[in-house]
Amino acid sequence: MSIVTVQLGQCGNQIGHEVFSALCSDIRGTHGLCSKKENESYHDASKERFFCEEESGVPAARAVLVDMEPKVISQTLSMAARSGHWKYSSHSHFCQKQGSGNNWANGYSVHGPRHKEAIMDLVQKEAEKCERLGGFFTIMSMAGGTGSGLGAFVTRCLRDAFPTSFILNHVIWPYGTGEVIVQNYNSVLTLSHLYHSSDALLVHENDVIHKICAQLMNIKQISFRDVNQVIAHQLGSVFQPTHTAGGGSGYSRNPLGDLMETLVPHPEFRMLGLRNIPQMPENSLPYSTFSWPGLIKHLRQMLIANAQMEEGIDWQVRPPHPGSSIPSTNKALHFNTSIANLVILRGKDVHGVDLGSFRDPSLYTSWLKPQEAFNAWETPRAFNKYEKCASLVSNSQFLLKPLDRIVGKAWNMFASKAYLHQYTKFGIQEEDFLDCFTTLEQVISSYTNL
């Protein structure tokens with residue numbers, strides 16, 4: 001099955017480009033460390049999923065690019081074409097001359113309705129090229145105007161136009177220090193609207209990825225491109241083909257459907273976090289060896305201690321004993337409770353890996369059995385030059401603190417009516433804000449009470 005990617009705004013288009021580049025270099029790589037037959041079926045499954053064959057013989061990304069300014073899209077198109085290995089279709093982008101000025105309301109209430117027909121027409125054409133459509137993957141930022149406002153609008157249109165297709169929104173959480181003065185407003189509006197129309201939100205925090213670039217990748221002057229490449233690597237490690245449990249010998253047919261079925265058992269809980277180990281500069285890979293028990297041990301502790309990367313994990317955090325009467329407030333400070341987890345293993349010797357530690361009932365909320373809450377996918381095909389790599393996609397309390405922080409900051413601004421006139425002039429009223437706060441307070445409360 002194929003996935004149509006919708007790249008929205010500057011951030012979405014730049015990350016989208018890095019994602020397709022990472023997928024393409026992984027498919028082309030001869031570093032599969034697996035049988036020729038395995039490599040070929042992996043190659044075919046990935047191509048069908050993300051690219052369509054064009055007459056020129058150069059694979060074209062199954063993607064629609066949308067921005068309200070032309071600069072980033074034209075850069076993205078030419079960079080892809082220059083690579084010679086893949087490209088974007090010539091009629092798959094939409095841009096205008098003026099941006100959204102970092103104003104969510106401008107993107108959602110003005111640009112969205114004005115350009116709905118043109119954008120949805122592109123999406124429809126891309127969807128029709130798929131023999132079997134698995135769903136939509138949108139990439140957007142929460143802080144600005146186009147990615148967030150127009151992105152929320154387009155997601156709603158996707159839901160209306162394709163009511164039975166899966167929609168996964170990949171959302172970039174802004175730097176805590178702030179890029180835009182109204183980023184907390186934009187974030188609250190984006191998240192609450194996506195909660196109503198998306199199947200799940202897969203979140204990357206800029207601060208976390210920045211830290212990975214500095215501490216694990218040893219990059220001295222970190223650019224947005226460095227950050228985007230780490231994000232693209234993590235996304236590729238989830239979306240490239242794998243064998244799912246009980247899926248027979250072939251590669252999984254519908255990655256988005258499998259992901260939702262595995263990780264979103266209840267519509268109140270749609271926030272997914274992603275962790276990936278090991279991560280290191282490419283030139284260090286030949287000198288590094290990893291054992292599966294070591295990787296799994298680290299990944300599990302990253303989950304329960306809510307650590308973002310394998311350095312600096314708090315090893316003191318332990319799951320509460322079943323039946324212990326620790327008040328939940330105390331527990332929330334230390335232990336990260338999960339609803340559902342998915343571990344994806346790629347590379348050498350995956351078949352015998354013991355994942356029993358992830359099936360421990362104390363990791364999960366009491367209303368799901370561990371055998372339903374935990375799943376594992378695997379493939380002996382190595383990913384992106386890593387002999388072994390493990391990814392964890394988790395529906396847990398990962399995002400509780402950042403969410404609480406953003407809602408709190410936005411509420412303080414709202415209470416003093418700061419910058420509200422910028423939104424009301426585009427038709428977003430105070431009641432709309434209040435509805436959004438209510439939606440997110442409910443999300444916070446649901447995750448807190450796990």
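All chains use their own residue numbering, which begins from 1 and follows the written sequence. Per-residue local features are limited, in this predicted model, to residues with pLDDT of at least 70; the limit for side-chain atom pairs, both in listing and counting, is 80 or more; totals at the level of whole chains, interfaces and linings are taken over all residues. Water and hydrogen atoms play no part in the side-chain values, which are based on all heavy atoms of the structure.

**Observations regarding the side chain of glutamate 126**
Mapped onto the elements of the fold, glutamate 126 is located in helix H4 (residues 104–128). In this scheme, a residue with accessible area under 20% of its type's maximum is buried, one over 50% is exposed, and one in between is partly exposed, where area comes from a 1.4 Å probe on protein chains only. Given a relative accessible area of 2%, glutamate 126 falls into the buried group. Residue contacts follow a heavy-atom distance rule, with two residues in contact if any of their heavy atoms lie within 4.5 Å. Ignoring any residue separated from it by four or fewer positions in sequence, one finds glutamate 126 in contact with Val4, Cys52, Ala61, Arg62, Ala63, Val64, Ser89 and Ser92. Put simply, DSSP H or I for four residues or longer makes a helix, DSSP E for two residues or longer makes a strand, and each gets a number counted from the N terminus.

**Examining the pairing of strand S12 (residues 338–347)**
A large share of S12 lies buried, amounting to 10 of its 10 residues. Note that S12 and strand S13 (residues 374–379) share 6 bridges and pair parallel. Looking at the pairing, valine 343 lines up with alanine 376 of S13. Note: two strands are recorded as paired if DSSP finds a minimum of 2 bridges between them.

**Observations concerning the domain arrangement of the chain**
For the domains described, the bounds stem from an automatic or database domain assignment. You can read the domains of the chain as domain 1 (2–271), domain 2 (282–400) and domain 3 (401–449). Here the C-alpha centroids of domain 2 and domain 3 sit 32 Å apart. Counting residues at the interface gives 8 residues for domain 2, matched by 7 residues for domain 3. Together, the buried faces of domain 2 and domain 3 total about 640 Å²; carbon and sulfur atoms form 54% of this surface. Note on terms: buried area is the combined drop in 1.4 Å-probe accessible area of two parts once they are placed together, counting the loss on both. When the area that domain 2 buries against domain 3 is broken down by residue, the three leading residues are Gln397, Leu399 and Leu400, summing to 67%. Basic side-chain nitrogens of Lys or Arg form a salt bridge, by our definition, when they fall within 4 Å of a carboxyl oxygen of Asp or Glu. For the pair domain 2 and domain 3, the interface holds 0 salt bridges. Charged residues are taken to be Asp, Glu, Lys and Arg, nonpolar residues to be Ala, Val, Leu, Ile, Met, Phe, Trp, Tyr, Cys and Pro, and polar residues to be all remaining types, Gly included. For the side of domain 2 that touches domain 3, the per-class residue count stands at 5 nonpolar, 3 polar and no charged.

**Digging into the pattern of salt bridges**
Under the definition given, this model contains 13 salt bridges. A network of salt bridges, in which partner residues are shared, links Lys348, Glu387 and Lys388.

**A short note on helix H6 (residues 183–197)**
By definition here, a helix of n residues has an expected span of 1.5 Å times n minus one. The first and last C-alpha atoms of H6 sit 21 Å apart over 15 residues, in line with the 21 Å expected at 1.5 Å per residue. Counting buried positions over the 15 residues of H6 gives 13, a clear majority of the element.

**Structural notes on helix H1 (residues 9–28)**
Helix length check: H1 (20 residues) gives 29 Å between terminal C-alpha atoms against 28 Å at 1.5 Å per residue, within 8%. Among the 20 residues that make up H1, 14 are buried, leaving the element largely enclosed by the rest of the structure.

**What to know about the sheet that holds strand S2 (residues 51–52)**
Within the open sheet, the 3 strands sit side by side as S2-S3-S5. Their pairing is mixed. Each edge of the open sheet carries a strand with a single partner, namely S2 and strand S5 (87–88).

**A few points about the packing of aromatic side chains**
Side-chain rings of Phe, Tyr and Trp (the six-membered ring for Trp) are treated as a pair once their centres are within 6.5 Å; stacked means planes under 30 degrees apart, edge-to-face means over 60, and tilted covers the remaining angles. Applying the stated criterion to the full structure yields 20 aromatic pairs. Consider the rings of phenylalanine 414 and phenylalanine 437, whose centres lie 5.5 Å apart with planes at 55°: the pair is tilted. Taken together, the residues phenylalanine 414 in helix H13 (residues 400–415) and phenylalanine 437 in helix H15 (residues 430–448) connect sequence positions 23 residues apart. With a relative accessible area of 8%, phenylalanine 414 lands in the buried category. The exposure class of phenylalanine 437 is buried, given its relative accessible area of 5%. Their ring planes at 75° and their centres at 5.5 Å tell us that tyrosine 423 and phenylalanine 433 sit as a pair that is edge-to-face. Taken together, the residues tyrosine 423 in helix H14 (residues 420–424) and phenylalanine 433 in helix H15 connect sequence positions 10 residues apart.

**What about the nonpolar core?**
For soluble globular proteins, nonpolar side chains are generally found buried alongside one another. Nine residue types can take part in a nonpolar core, namely buried Ala, Val, Leu, Ile, Met, Phe, Trp, Tyr and Cys, and a core is a set of them joined through side-chain atoms within 4.5 Å. Among the nonpolar cores identified, the biggest contains 139 residues, and Phe239 and Phe358 are the most heavily contacted of them. The greatest single-element share of this core, amounting to 8 residues, is contributed by H4. In this structure phenylalanine 239 touches Ile3, Arg49, Phe50, Phe137, Leu168, Leu202, Leu256, Leu259 and Arg346, once residues within four positions along its chain are discounted. Tyr42, Met280, Leu285 and Tyr386 belong to the second largest nonpolar core, which has 8 residues in total.

**Points about the sheet that holds strand S1 (residues 2–8)**
Strands sit in the order S6-S4-S1-S7-S8-S9-S11-S14-S12-S13-S10 across an open sheet of 11 strands; the sheet is mixed. Each end of this open sheet is capped by a strand with a single partner; those strands are strand S6 (93–95) and strand S10 (243–244). Contacting S1, strand S4 (63–67), strand S7 (133–141) and strand S8 (166–173), H1 crosses the sheet at an angle of about 140° to S1. Axis definition: a line fitted to C-alpha atoms, limited for helices to the stretch in contact. Angles are taken between N-to-C directions and run from 0 to 180 degrees. In the packing of helix H5 (residues 146–161) onto the sheet, contacts are made with S1, S4, S7 and S8, and the angle to S7 comes to roughly 160°.

**So, the packing of H13 against H15**
Closest axis-to-axis distance for the H13/H15 pair is 11 Å, and the angle between their directions is 155°. One element, H13, and the other, H15, form an angle in the roughly antiparallel class. Handedness of the crossing formed by H13 with H15: left-handed. Residues Leu400, Leu403, Asp404, Val407, Ala410, Trp411 and Phe414 of H13 form the contact with H15, whose own contacting residues are Glu430, Phe433, Leu434, Phe437, Leu440, Glu441, Val443, Ile444, Tyr447 and Thr448. Residues belonging to the contact of H13 with H15 are distributed by class as follows: 13 nonpolar, 1 polar and 3 charged. Oblique is the label for any angle not covered by the other classes, which are roughly parallel (under 35 degrees), roughly antiparallel (over 145) and roughly perpendicular (65 to 115). Rotating anticlockwise by less than a right angle from the far helix to the near helix defines a left-handed crossing, while the corresponding clockwise rotation defines a right-handed one.

**Notes on the environment of serine 109**
Its place among the elements puts serine 109 in helix H4. Each C-alpha atom, one on serine 109 and one on leucine 150, is 8.2 Å from the other, the two residues being 41 residues apart in sequence. Beyond its immediate sequence surroundings of up to four residues, serine 109 is in contact with Phe426 and Ile428. At 3.4 Å, the side chain of serine 109 and the backbone oxygen of phenylalanine 426 are in polar contact. Polar contact is defined as a pair of N or O atoms within 3.5 Å, subject to the rule that within protein one atom must be able to donate a hydrogen and the other to accept it, and that residues adjacent in sequence are counted only when both atoms are side-chain atoms.

**Side note on the state of the cysteines**
Disulfides are defined as cysteine sulfur pairs within 2.5 Å. On inspection of all chains with the given rule, the structure shows 0 disulfides. Cysteine cysteine 34 remains unbridged, with the sulfur of cysteine 389 as its closest cysteine sulfur at 13 Å. Exposure remark for cysteine 389: the relative accessible area of 0% places this residue in the buried category.

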